[in-house]
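# Secondary and tertiary structure notes
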Amino acid sequence: ELIGIVNAKIADTSIENIAYAIPSNVAKHLATSILSEKSGKPTRCILGIVPVVSASKAVYDKETGKIAILETVTVNEIKEGSVANGKLQENDVIRALTIDGNKIEIQRKFQVIENMFAARVGSTVVFDIERDGVAMSVSFEITENMVTLM
């Protein structure tokens, strides 16, 4: 099972098996982006928000014996003039992200950033958020001006 692609490795006779990898799901999104773009370069959808971790906790799973880090991800900033301006607000809690029907429960900040690689022109991106204790959904139709080369 492929879990990552090595993109940097420490090469030293006294060091063994230390490398940095791109997670396989990010590599898949990047490869799809490169192949689907006329430029042959990866793209990413930019909505103009800055997500941050407003809280985090470790949760122990008795069945697997593993500990998971769960983060509360909130909108910290909305760039002036961005497409998110007027739709999302500062302090909105991001609970889930759906891109073209594929729903991702947001448990870590990197999931918001990483999954925006999957959005293409014509994609529908839906944020399930909590604003002042009220659950709601905010939808974006991705257009050319929302996609940028990396």
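Here the structure is shown first, and the text comes after it.
Please read these numbers as outputs of a predicted model, since none were measured by experiment. (Residues numbered from 1 in each chain as written. Predicted model: local features only at pLDDT ≥ 70, side-chain atom pairs only at ≥ 80, totals over all residues. Heavy atoms only, no water.)

### So, the pattern of salt bridges
Between side chains of opposite charge, pairing is possible as soon as their charged atoms come close. What counts, and what does not: Take a side-chain nitrogen of Lys or Arg and a carboxyl oxygen of Asp or Glu: if they are within 4 Å of each other, that pair is a salt bridge. For helices the rule is a DSSP run of H or I covering at least 4 residues; for strands it is a run of E covering at least 2, with both sets numbered from the N terminus onward. Here's how the labels work: a residue is buried when its accessible area is under 20% of the maximum for its type, exposed when over 50%, partly exposed in between, all with a 1.4 Å probe on protein chains only.
Applying the stated criterion across every chain yields a total of six salt bridges. With a shortest N-O distance of 2.8 Å, Arg131 and Asp92 are connected by a salt bridge. Of this pair, Arg131 sits in strand 8 (residues 124–131) while Asp92 is found in the loop between strand 5 (66–78) and strand 6 (93–99), placing the two residues 39 residues apart along the sequence. Under the relative-accessibility criterion, Asp92 is labelled buried at 1%. A salt bridge links Lys103 to Glu105; the nearest nitrogen and oxygen atoms lie 4.0 Å apart. Residue class for Lys103 comes out partly exposed when judged on its relative accessible area of 47%. Overall, the relative accessible area of 44% leaves Glu105 in the partly exposed class. Each of Lys103, Glu105 and Asp128 takes part in salt bridges that share partners, so that together they form one network.

### A closer look at the packing of aromatic side chains
Definition in use: Working definition: a ring pair exists when centres of Phe, Tyr or Trp rings (six-membered ring for Trp) sit within 6.5 Å. Plane angles under 30 degrees give stacked, over 60 give edge-to-face, the rest tilted. Two limits define a charge over a ring: the Lys NZ or Arg CZ must be within 6 Å of the ring centre, and within 35 degrees of the ring normal.
According to the stated counting rule, one finds one aromatic pair in the structure shown. Aromatic pair Phe127 and Phe140: ring centres 5.9 Å apart, planes at 80°, arrangement edge-to-face. Linking Phe127 in strand 8 with Phe140 in strand 9 (residues 134–141), this pair joins segments that are 13 residues apart in sequence. By relative accessible area, Phe140 is classed as buried at 2%. Geometry around Phe140 places Lys87 over its ring, the cationic atom sitting 4.8 Å from the centre.

### Points about unusual backbone geometry
Even without being glycine, Asn91 reaches a positive phi, approximately 75°. By the secondary structure assignment, Asn91 is in the loop between strand 5 and strand 6. Since its relative accessible area comes to 61%, Asn91 is described here as exposed.

### Some points on the nonpolar core
Cut-off, in case you're wondering: In plain words, nonpolar cores are sets of buried Ala, Val, Leu, Ile, Met, Phe, Trp, Tyr and Cys residues tied together by side-chain atoms within 4.5 Å. In what follows, a contact means two residues having at least one pair of non-hydrogen atoms within 4.5 Å.
In terms of nonpolar packing, the biggest core is built from 23 residues, with Leu88, Phe127 and Phe140 touching the most fellow members. When residues of this core are traced back to their parent elements, those giving at least two are strand 5, strand 6, strand 8 and strand 9. Here Phe127 is in contact with Leu47, Ile49, Leu88, Ile94, Ala96, Leu97, Val112, Met136, Ser137, Val138 and Phe140, once residues within four sequence places are set aside.

### Quick notes on the pairing of strand 8
The condition is simple: Two strands qualify as a pair provided DSSP detects at least 2 bridges between them.
Burial analysis of strand 8 places six of its eight residues in the buried class, which makes it a mostly covered element. Two strands pair when backbone bridges link them, and strand 6 and strand 8 are joined in this way by six bridges, in the antiparallel orientation. When the bridges of strand 8 are listed, Thr98 appears paired with Val126. Here strand 8 pairs with strand 9 via eight bridges, running antiparallel. Its bridge partner lying in strand 9, Glu130 is registered against Ala135. As consecutive antiparallel partners, strand 8 and strand 9 are separated by two residues, and within that stretch Asp132 has a phi angle of approximately 55°, a positive value.

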